[in-house]
Amino acid sequence: MLSHSSRRARAVVIALAAGSLVLTAACSKNTGGKSGTDSKKDQNQAAVQSKAVTYVDAAGSTGPAKDVPGARSGGTITVYQEAGLSHLDPGQIYVSDAGQVANLLFRRLTQFQEDDKGNVSVAGDLATDSGKSSDGGKTWTFTLKDGIKDENGNAITSADVRHSIERLYAKFIFDGPTYLQTWLSGADYRKALPGGGFDGKHLPAKVLDTPDDKTIVFHFDTPRQDLPQTLAMAGYAIVPAKADTKEKYEKKPDATGPYKIAENKAGKLLKLVKNTNWDPKTDSVRHQYADGFNIQFGVTESTQTKRLIADEGDNKNAIQLTNGVEATQIQDVINNPEASKRTVKGYQPYVMQLTFNLDRVKDIKVRKAVAYAVNSKSLIAGEGGVYGGDVAPNYFAPTLPGYEPAYDPYGRLKTPQGNIAKAKELLKDVPASEKKLVFAYGNSENGQKRKVAIEDALTKVGFTIVSKEIDAASYYEQIGKLKNPYDIYISGWGQDWPSPATVVTPIYDGSQVFDGSSNYSHVKDPKVDALIKKALTEKPAEAAKTWKEAEHYLLENVVPSAPLWYTKQFQISGSNVGGARYGSVSSLIDITRLYLKS
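Here is a short report on the structure shown in this document. Just so you know, the residues in each chain are numbered from 1, in the order the chain's sequence is written. Given that this is a predicted model, residues contribute local features only at a pLDDT of at least 70 and side-chain atom pairs are listed and counted only at 80 or more, while totals for whole chains, interfaces and linings are drawn from all residues. Each side-chain value is derived from all of the structure's non-hydrogen atoms; neither hydrogens nor water enter the calculation.

1. Observations concerning the nonpolar core
One finds Leu354, Ile454, Leu458, Phe463 and Ile490 to be the most contacted residues of the largest nonpolar core, which totals 72 residues. Looking at this core, the element that brings in the most residues is helix α17 (residues 540-558), giving 7 residues. Only heavy atoms enter the contact rule, under which two residues are in contact if any of them lie within 4.5 Å. Non-local contacts of Phe463, meaning those with residues more than four positions away in its chain, are made with Val366, Ala369, Val370, Leu427, Lys435, Leu437 and Leu458. To qualify as a nonpolar core, a set must consist of buried Ala, Val, Leu, Ile, Met, Phe, Trp, Tyr and Cys residues joined through side-chain atoms within 4.5 Å. Residue burial is assigned from relative accessible area. The probe radius is 1.4 Å, only protein chains are included, and a residue is buried under 20% of its type maximum, exposed over 50%, and partly exposed in between. In terms of nonpolar packing, the next biggest core, distinct from the first, is built from 39 residues, Leu144, Ile156, Trp183 and Ile216 among them. Comment: elements are numbered from the N terminus, with helices defined as DSSP H or I runs of at least four residues and strands as E runs of at least two.

Below you can see the structure in the form of structure tokens.
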């Protein structure tokens, strides 16, 4: 993955800084109650999200989607969101805010589908199934379903799929996922098709072939067993060639899903109405119960929470998009049985870490001392306590296949407040000059809390901390610079799909050390690179062992960061909203199945 992958982590941490931190790991239905206070139980529930994704055949990819019990049609759902959407052009979408809306607007070749127990599979979306592989996984073939149209009634053909992929090579696409492009054309993929297909030039058939209107064939130089999951990302949704207006496409993208855009006032309002050219018989996941969605931006998380707790007027018909219950109002919800039953809760896939700039913090004893000294308990308190997160003993989240709850080389679970004695022991022969660390933090409310917690923990063991404030909006841009003037900074990352490949590769691959990359620690380790290369060519069972070996080696022998906490999500909706459940894929309310009760 290239540097664009950092956009996801960037959006995640900004969202967390806004306070969208959360409660428990009930994986499907609303549970309410006091769950969230038992971390071990939560992690057992979160394990559902870590199950390997299965690939579905044509029968399982045929619509309509299974009815939501009690669902009815009609009415408009109000959606609250604090910040405006990052993008509406599918090719630019890589973060959760636009990703939620994309689930209503845009279809891909494949799609994730989830049952009532939180089990996730990949089905055909525009394609008849999840794909057919050959040549050991180097070749993948997809066939389009019959009757697929865009909002204007135009048939979607293989040429539109080709166009949707090739346009990602154009320079104006800069903020979406890059898995597929790099797999097809290498790290310098833009050089393979600088015109993005708009100039009449295309990728050769030996890379991407469309032999007829219904067939798409991908050819890779190495097996790509995760391709069906990759293609299910919003960033690979279809952009019909006739509708593409390049940079202007952000304002009025062409819908292929159950809803289309009726009004778009950037940063203020996005109004969605039914797309009458969407055929439910072709869609095994999405529903079209509501007449539409009115997404209101600029509503603070605190205001959202107050309105939804009060549950009066139109707030009864409202949901939160990616924001959550504001941290200081968590107890107001938990202690209110009526409000609590209207929540969705679950583990998010993100691991928050105190990352080291390895170009500046070169002594591994210093890095290990910090790993022992950090106070996860104090940091989590600032995120909403046990309802906001759990102590992270390692780099893999409970939602990730291969997660080991007992793997804890720095004793984080036994001493979540930090092991001061061990840290001091490691530092006893370290020169004073190496115990002075420059800490970068965002100028948000949560950033201030984190600053206090980091300073307190590290000064107790003998470090001198010089804290430098960064504008929260450009936080990841600043720490993503190779020549940044900081020694340590908090960062977060979550899987793009349930595979360690989407965690280890983007943040620890030595080839990803450049400005704007998500390798924030600047790791360049031959053994890590070799393990990544090995795992990417292995089948899931063998790869799982290799990814685990890479994680252990990184955490014990490289120490690019100190694991801090796992994040959770906790959202509330109005009493007239039906069908609400936690989505394991989005780590948010499952927006595809909502309806109004009356």
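2. Overview of the side chain of Thr230
Its location among the elements puts Thr230 in helix α6 (residues 227-231). Residue Thr230 is classed as buried on the basis of its relative accessible area, which comes to 0%. Those residues in contact with Thr230 that lie beyond four places of it in its chain are Tyr179, Leu180, Trp183, Tyr236 and Trp497.

3. Concerning the sheet that holds strand β13 (residues 343-356)
Taken in spatial order, the 6 strands make up an open sheet running β14-β18-β13-β17-β15-β16, and their pairing is mixed. Each edge of the sheet is formed by a strand with only one pairing partner; in this case those strands are β14 (389-391) and β16 (464-470). Strand-to-strand twist in this sheet, taken as the mean axis angle between neighbours without regard to direction, amounts to 35°. The criterion for strand pairing is that DSSP finds at least two bridges linking the strands in question. Helix axes use the C-alpha atoms of the stretch in contact, all axes being lines fitted to C-alpha atoms, and the angles between their N-to-C directions lie in the range 0 to 180 degrees.

4. So, the packing of aromatic side chains
Stacked, tilted and edge-to-face are the three classes applied to pairs of Phe, Tyr and Trp rings, where Trp contributes its six-membered ring and a pair requires centres within 6.5 Å; stacked means planes under 30 degrees apart, edge-to-face means over 60, and tilted covers the rest. Under the defined criterion, the tally for this structure stands at 16 aromatic pairs. Look at Trp140 and Phe142: their rings are 6.4 Å apart centre to centre, the planes differ by 20°, and that puts the pair in the stacked class. Residue classification places Trp140 among the buried positions, given a relative accessible area of 3%. The class of Phe142 is buried, set by a relative accessible area of 0%. Ring plane angle 85° and centroid distance 6.2 Å describe the contact between Trp183 and Phe220, whose orientation is recorded as edge-to-face. Of this pair, Trp183 sits in helix α5 (residues 179-185) while Phe220 sits in the loop between β8 (215-219) and α6, and the two are 37 residues apart along the sequence. Assessed through its relative accessible area of 8%, Phe220 is described here as buried. Among the aromatic residues, those joined into a cluster by ring pairs are Trp140, Phe142, Tyr179, Trp183, Phe218, Phe220 and Trp497. Counted as over-ring charges are cases with an Arg CZ or a Lys NZ within 6 Å of the ring centre that also lie within 35 degrees of the ring normal. Geometry around Tyr249 places Arg167 over its ring, the cationic atom sitting 5.4 Å from the centre. In this structure, Lys246 is placed above the aromatic ring of Phe198, and the distance from its NZ or CZ to the ring centre is 4.7 Å.

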